[in-house]
Amino acid sequence: AGDSATLRVAVDELERGLSGLLGAAPERAGAVSRDGAVLVGRAGDAAITALELDLSGLGAEGYLIRNMEVDGRAVTVIAGGGDAGALYGAFHFLRLIQTRQALTSLDIREAPAVNLRLLNHWDNLDRTVERGYAGQSLWDWHKLPDHLDPRYTDYARANASIGINGTVLNNVNTDALSLTRPWLEKAAALADVFRVYGVRVYLSARFSAPVEIGGLATADPLDPRVQAWWRTKADEIYALIPDFGGFLVKANSEGQPG
C-alpha cells in the first residue's frame, strides 16, 4: 500500500526473507496459507485507512501486525505509523517465521520506548578503530563519496532489523578534519544509503575545531565568534544532510580537547 523508498525496501525485505525462509521448503511454512496475503503500508495509505485500524499512538516508528479477513481473503496486515514503522514491522514478521512462531491470531502492537537508539563508532579517518579488535573500520573514507560499498547497505539493513535508528560515524576523539567540506560530503554519501532504512547520521564534534579548522584564536563556547562558527558549520552540515541527527560531544578526558 502506498509508495516510498522505505516502503519499497520493506517489500524487498519481505520478498527476500520469505523466499529464503520458505522458498526451498514451503511445507515448513506452518500456518502460512498458500492463498493468504501480506499487506504492508503505513498510516494514511488508502488501503490501510480502509481497514479502520487503530494506529494512534504508534508514532512514525511503531507498527501493528494483525491477521484479518479482507474481501473474503486471509490477510496479514503490517501497518506502520510511518515509513520506518512499516519496515520495522516487516522485520518483526520475518522474525516470527524465522523463529517458527505461530502466525495465526496475530495481534501485535509495538512502539519504541526510547527515541534515540544509536551506535557510537570509535572509527578514525585512517580506518583504524580506537579500542577495536576486529580489523579496519567499515567506512572506507578514501573511496567515499564516489564508491559505495554494498556492505553499507547491509549495515543499514542489519540495524533496521533490530530498530537501530542512528549512527555516530566517527570517534569521540575525532579529528577536526571530519567537519571539513570533503569529509562532510563523504558522510552525506553514507547518510543517503542509510536514510531509506530509517538510520540517521550523527557526528562527533571536536571541541577545538573552531581553532583547528576555523582559524579562531579560541574555542570558548561563550565567545560570540565561536558560537557564530558553530552555527555556520551546522548550517553547512544540514545543507548536505537534511536529516542530520546531531553532534556527539565528549567531555574532556585522555588529554583530548573536550
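## Notes on empty space enclosed by the protein
Consideration 1: Using the criterion set out here, one finds two cavities of 30 Å³ or more in the structure.
Consideration 2: Space inside the largest cavity adds up to approximately 50 Å³.
Consideration 3: Around the largest cavity sit 10 residues that line it, and Val172, Ala205, Arg206, Phe207 and Pro257 are the ones nearest its centre.
Consideration 4: Space inside the second largest cavity adds up to approximately 30 Å³.
Consideration 5: Around the second largest cavity, the lining residues are Leu125, Trp141, Asn170, Ser178, Trp183 and Leu203.
Consideration 6: Of the residues contributing to the lining of the second largest cavity, the split by class is four nonpolar, two polar and no charged.

## Brief notes about the nonpolar core
Consideration 1: In this structure, Phe93, Trp139, Trp141, Leu169, Leu190 and Phe194 are the most contacted members of the largest nonpolar core, which totals 51 residues.
Consideration 2: The element that contributes the greatest number of residues to this core is helix H3 (residues 83-98), accounting for 10 residues.
Consideration 3: Not counting residues up to four positions away in its chain, the partners in contact with Phe194 are Trp139, Tyr152, Tyr155, Ala156, Thr167, Leu169, Val199 and Val201.

## Structural notes on the packing of aromatic side chains
Consideration 1: The tally for this structure, following the rule as stated, stands at nine aromatic pairs.
Consideration 2: When the ring of Trp139 is compared with that of Tyr155, the centres are 5.0 Å apart and the planes differ by 85°; the resulting orientation is edge-to-face. Placement of Trp139 in the loop between strand E5 (118-120) and helix H4 (150-161) and of Tyr155 in helix H4 is noted, with a sequence separation of 16 residues between them. Tyr155 carries the same exposure label as Trp139, and that label is buried.
Consideration 3: The interplanar angle of 85° and the centroid separation of 4.9 Å between the aromatic rings of Trp229 and Trp230 together place this pair among those described as edge-to-face.

## With respect to the sheet that holds strand E3 (residues 73-80)
Consideration 1: Spatially, E1-E3-E2-E4 is the arrangement adopted by the four strands of the open sheet, whose pairing is mixed. Across the chains shown, the open sheet's two edge strands, defined by having one partner strand only, are strand E1 (37-42) and strand E4 (107-110). The mean inter-strand angle of the sheet, taken between neighbouring strand axes irrespective of direction, is 25°.
Consideration 2: As paired elements, E1 and E3 share six bridges and run parallel to each other. The partner of Ala37 across the bridge, within E3, is Val75.
Consideration 3: Sheet strands in contact with helix H1 (residues 5-22) are E1 and E3, and its direction is about 155° off that of E1.
Consideration 4: Sheet strands touched by H3: E1, strand E2 (63-70), E3 and E4. Its angle to E2, the strand with the most contacts, is close to 70°.

About the cut-offs
- Residues numbered from 1 in each chain as written.
- Predicted model: local features only at pLDDT ≥ 70, side-chain atom pairs only at ≥ 80, totals over all residues.
- Heavy atoms only, no water.
- 1 Å grid on protein atoms, 1.4 Å probe; cavity = no way out; pocket = protein on both sides within 12 Å on 5 of 7 lines; lining within 4 Å.
- Points joined across faces, edges and corners; volume = space filled by probe spheres on them.
- Nonpolar A, V, L, I, M, F, W, Y, C, P; charged D, E, K, R; others polar.
- Core = buried A, V, L, I, M, F, W, Y, C linked by side-chain atoms within 4.5 Å.
- Buried < 20%, exposed > 50% of the residue type's maximum accessible area, 1.4 Å probe, protein only.
- Helix = DSSP H or I, 4+ residues; strand = E, 2+ residues; numbered from the N terminus.
- Contact = heavy atoms within 4.5 Å.
- Phe/Tyr/Trp six-rings, centres within 6.5 Å; stacked < 30°, edge-to-face > 60°.
- Pairing = 2+ DSSP bridges.
- Axes fitted to C-alpha atoms, helices over the stretch in contact; angles between N-to-C directions.

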